[in-house]
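As a plain string of letters, each chain reads:
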Amino acid sequence: MIKIQNYINGEYCDPISGQWLDNVDPSCGQVYAQIPNSDAQDVTNAYKAAKAAQAGWAATSIDTRSAILLKLAALIEKNIDRLATAESRDNGKPIWLAKAVDIPRAATNFRFFGNAITQFASEAHENVGNNSINFTLREPLGVVGCISPWNLPLYLFSWKVAPAIAAGNTVVAKPSEVTPMTAYLLGELCTEAGLPKGVLNIVHGLGRQTGQEIVAHKGIKAISFTGGTATGAHIAKVAAPMFKKLSLELGGKNPNLIFADCDFDLMLKVTLKSSFANQGQICLCGSRIFVEAAIYDKFKSAFVEAVKKLSVGNPAEEGHNLGAVVSEVHMNKVLEYIEVAKQEGNLLCGGKRLIIEGSEGGFYIAPTVIETTTTQCRINQEEVFGPLVTITKFETETEAIQMANDVPYGLSSTVWTSNLDRTMRVSKQLEAGIVWVNTWLNRDLRTPFGGTKASGVGREGGLEALRFFTEPKNICIQYKN
Ligand code: TXE
């Protein structure tokens, strides 16, 4: 049985309480590792290590910080096979996907912020008539907390940790208890990269215990969180009265607007991905597909035919489009939503758990398409976060925008059209932090990333992340002529 340990002050260690949790391989439903059930004592130790390292790390030159992050990026790339296999086993995603997306992106996150910090400039404002000059320092916050989810484990963990440490903070971080493995493996790569002890401390455990201790800790100055909207609301309630800085990247129920004038073949290919990539467990997946009446029937039959051809199977095997969903609890949640969807709409394909020969205990779900006629139903209002999409016909552009915006969420939207004027009109009216036109999940890490409405508060990415992880201090100097 593999034992995952906390990584505190540059050392691997057991939880002080001696309590452990089971970690399940979703491809077969078997326990294959144990993780620390960390409590307040472990979080306090992680905090103390981070606090002790903070001044030294903040005083470390930008060139040195940058070089360490770049080295870490290179080490992740060197270990891609090992990390991708570990990510697949922990999460249920196909190995090819972890190798093509998750692990390369984790390396890119460290490289991107390792480079970005060298370009992060202070601002100066000269007030000529008043003989004064202001300059604004951007100082690290101190010890910060990073809490990440299970859908893109190392990818999202590094997306928070990299800007936090690049900006001179030290970190207490917690990956999801459902997918702790690659964050655990990252510890040894941090040591190898020469990251000083205490700069990154990784504690494992339950959200309501370990996560809660991080959020409520008086010394931790900011929380960067990605996860469910209900958890985000709870974290805000705990952290806001302590005046912590908060970045919350929460759920989505993203619309995909398909107009008759789009490039049909490209749209079909990308819509399959935006519906079912990572078993539909990406906050950016387009789970509500709205199609203009003129091409609705053509789309419906081509899409359903393509979905039926998707192969679902053991994530360690070659050749499958989808692997297992992340856990039994999550599988049951998605299956319950499928039952709701069958009541509210017309099942076009999928709609059930799959038992895969040789992996009978695994958590597999057939990619599911449901036809709906209204947005006012649970399946078009609530985040499912699995391999389930709805398709709905629209007649006019105005109706399409109205349906797209008719949800509590506002993370991303995708628009398919070849009309430039429509691109501008529709993009401006969509209530979303991110709009993709004729593409999906096309990410430039310099751009602001995050959502509106119940999809969160604040933005990650590029300078937004470096601004979040720093405190601006304005210094005003009066001079004599
Ligand atoms: O996420 P949680 P869950 C959505 C998706 C999913 C639902 C619930 O719809 O079905 O959320 O998933 C930690 N204080 N998304 O329950 O609980 C937890 O340990 C501090 C969308 O798995 O939000 C984990 O590390 N931390 C999403 C992280 O929060 C707490 C990705 C996320 O877990 C905590 C994942 C607490 N009180 C799920 N409670 C996206 N936007 O990408 C939990 N955690």
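Residues numbered from 1 in each chain as written. Predicted model: local features only at pLDDT ≥ 70, side-chain atom pairs only at ≥ 80, totals over all residues. Heavy atoms only, no water.

Trainee: Describe the overall build of the protein chain, with residues and values.
Mentor: Within the protein chain one finds 14 helices and 25 strands. In terms of overall size, the protein chain behaves like a compact globule, its C-alpha atoms giving a radius of gyration of 23 Å where 481 residues would be expected to give roughly 23 Å. Across its three principal directions, the C-alpha atoms of the protein chain cover 70 × 65 × 40 Å. Long-range pairs, those at least 24 residues apart, make up 74% of the contacts in the protein chain with a sequence separation of at least 6. Of the roughly 19,000 Å² that the protein chain leaves accessible, carbon and sulfur atoms contribute 53%. The protein chain carries 46 positive and 47 negative side-chain charges, and their two centres are separated by 5 Å. (Helix = DSSP H or I, 4+ residues; strand = E, 2+ residues; numbered from the N terminus. Rg over C-alpha atoms; globule rule 2.2 N^0.38 Å. Contact = heavy atoms within 4.5 Å. Areas by Shrake-Rupley, 256 points an atom, 1.4 Å probe, with all protein chains shown as cover. Lys, Arg positive; Asp, Glu negative; His and termini not counted. Charge placed at Lys NZ, Arg CZ, Asp CG, Glu CD.)

Trainee: Go over the sheet that holds strand β22 (residues 434-437) with me, naming the residues and quoting the values.
Mentor: Strand order across the open sheet formed by 7 strands is β15-β18-β19-β14-β13-β21-β22, with mixed pairing between neighbours. With partners counted over all chains shown, the strands left at the sheet margins are β15 (346-349) and β22, one partner each. The average angle at which neighbouring strand axes cross in this sheet is 25 degrees, direction not considered. Across the sheet, helix α10 (residues 293-309) lies against β13 (255-258), β14 (288-292), β15, β18 (368-371) and β19 (388-394), angled at about 140 degrees from β14, the strand it touches most. (Pairing = 2+ DSSP bridges. Axes fitted to C-alpha atoms, helices over the stretch in contact; angles between N-to-C directions.)

Trainee: Quick one: what's the story with the site of the ligand, residue by residue and with numbers?
Mentor: With respect to spatial proximity, 29 residues lie near the ligand, and among them W150, K174, E177, K333 and E383 are the closest. Within the backbone of L250, an N or O atom sits 2.8 Å from a nitrogen atom of the ligand. At a separation of 2.4 Å, an oxygen atom of the ligand approaches a polar side-chain atom of K333. Of all the secondary-structure elements, those providing two or more residues to the shell around the ligand are α7 (207-216), β11 (222-226), α8 (229-239) and α11 (328-344). Residue contributions to the shell around the ligand peak at 5 residues, all from α7. The residue inventory of the shell around the ligand, partitioned by class, reads 10 nonpolar, 13 polar and 6 charged. Inspection of the shell around the ligand shows a minimum of three residues originating in each of domain 1 (2-250 + 455-475) and domain 2 (255-445). (Near = heavy atom within 4 Å. Polar contact = N/O pair within 3.5 Å; in protein donor to acceptor, adjacent residues only side chain to side chain. Nonpolar A, V, L, I, M, F, W, Y, C, P; charged D, E, K, R; others polar. Domains from an automatic or database assignment.)

Trainee: Can you lay out helix α4 (residues 95-116) for me, pointing to particular residues and giving the numbers?
Mentor: For α4, spanning 22 residues, the distance from its first C-alpha to its last is 30 Å, which sits close to the expected 32 Å at 1.5 Å a residue. Along α4, the sharpest change in direction is near 25 degrees and occurs at R105. (Expected span 1.5 Å × (residues − 1). Bend = angle between axes of the 7 residues up to and from the residue.)

Trainee: Lay out the domain arrangement of the protein chain with the relevant residues and their values.
Mentor: Partitioning the protein chain into domains gives domain 1 (2-250 + 455-475) and domain 2 (255-445). Computed from C-alpha coordinates alone, the two centres of domain 1 and domain 2 are separated by 30 Å. The partner domain 2 presents 29 residues to the 30 residues of domain 1 that form the contact. Summing both partners gives a buried area of about 2,200 Å² for domain 1 against domain 2, and 59% of it is carried by carbon and sulfur. Contact with domain 2 buries area across many residues of domain 1, yet S27, W150 and S455 alone supply 24% of it, more than any other trio. For the pair domain 1 and domain 2, the interface holds 0 salt bridges. For the pair domain 1 and domain 2, the number of links is 11 residue pairs in polar contact (both at pLDDT 80 or more). Residue composition of the side of domain 1 that touches domain 2, grouped by class: 13 nonpolar, 13 polar and 4 charged. (Buried area = accessible area lost by both parts, 1.4 Å probe. Salt bridge = Lys/Arg side-chain N within 4 Å of Asp/Glu carboxyl O.)

Trainee: I'd like to hear about the sheet that holds strand β25 (residues 470-478), residue by residue, with values.
Mentor: Read across the sheet, 3 strands follow the order β6-β7-β25 without closing on themselves; strand pairing throughout is antiparallel. In the strand order of this sheet, the two ends are held by β6 (123-127) and β25, each with one partner. Across the sheet, the axes of successive neighbouring strands diverge by a mean angle of 20 degrees, strand direction being ignored. Strand direction decides the pairing type here: strand β7 (residues 132-140) and β25, joined by 9 bridges, are antiparallel. Bridging from a neighbouring strand, N134 pairs with C476 of β25.

Trainee: Let's hear about the packing of aromatic side chains: which residues, and what values?
Mentor: Taken as a whole, this structure holds 10 aromatic pairs when the rule is applied. Centroid distance Y12 to Y184: 4.9 Å. Interplanar angle 55 degrees. Geometry classified as tilted. One end of the pair, Y12, is in strand β3 (residues 11-13); the other, Y184, is in helix α6 (residues 181-193), with 172 residues separating them in the sequence. Judged by relative accessible area, Y12 falls into the partly exposed class, the value being 27%. An aromatic cluster of at least three residues, connected via ring pairs, comprises F112, F113, W159 and F449. Note that R105 overlies the ring of W159, its terminal NZ or CZ placed 4.7 Å from the centroid. Lying over the aromatic face of F264, K298 brings its terminal NZ or CZ to 4.1 Å of the ring centre. (Phe/Tyr/Trp six-rings, centres within 6.5 Å; stacked < 30°, edge-to-face > 60°. Buried < 20%, exposed > 50% of the residue type's maximum accessible area, 1.4 Å probe, protein only. Lys NZ or Arg CZ within 6 Å of the ring centre and 35° of its normal.)

Trainee: Describe the pairing of β19, with residues and values.
Mentor: Burial analysis of β19 places 6 of its 7 residues in the buried class, the great majority of the element. Sheet topology note: the β14/β19 ladder contains 5 bridges and is parallel. Its bridge partner being in β19, I289 is matched across the sheet by I391. Where β18 and β19 come together, 4 bridges link them in parallel fashion.

Trainee: So what's going on with the nonpolar core? Residues and values would help.
Mentor: Counting residues in each nonpolar core, the largest one holds 107 residues, and the members touching the most others are F110, F299, F303 and V369. With 10 residues, helix α5 (residues 153-166) is the largest single contributor of residues to this core. A domain split of this core shows at least three residues from each of domain 1 (2-250 + 455-475) and domain 2 (255-445). Apart from residues no more than four positions distant in its own chain, F110 is found in contact with L69, L72, A73, I76, S158, V161, A162, I165 and L186. Grouped together as the second largest cluster of nonpolar side chains are 20 residues, A46, A50, V172 and I235 included. (Core = buried A, V, L, I, M, F, W, Y, C linked by side-chain atoms within 4.5 Å.)

Trainee: Quick rundown of the packing of α7 against α8? Include the residues and the values.
Mentor: Orientation of α7 relative to α8, taken along the N-to-C sense of each, is 40 degrees, at an axis distance of 9 Å. It follows that α7 is oblique to α8 by the angle criterion. Judged by the sense of rotation from one axis to the other, the crossing of α7 with α8 is right-handed. Between α7 and α8, the contacting residues are Q212, V215 and A216 on the first element and H234, I235, V238 and A239 on the second. (Parallel < 35°, antiparallel > 145°, perpendicular 65-115°, else oblique. Left-handed = near helix turned anticlockwise from the far one by under 90°.)

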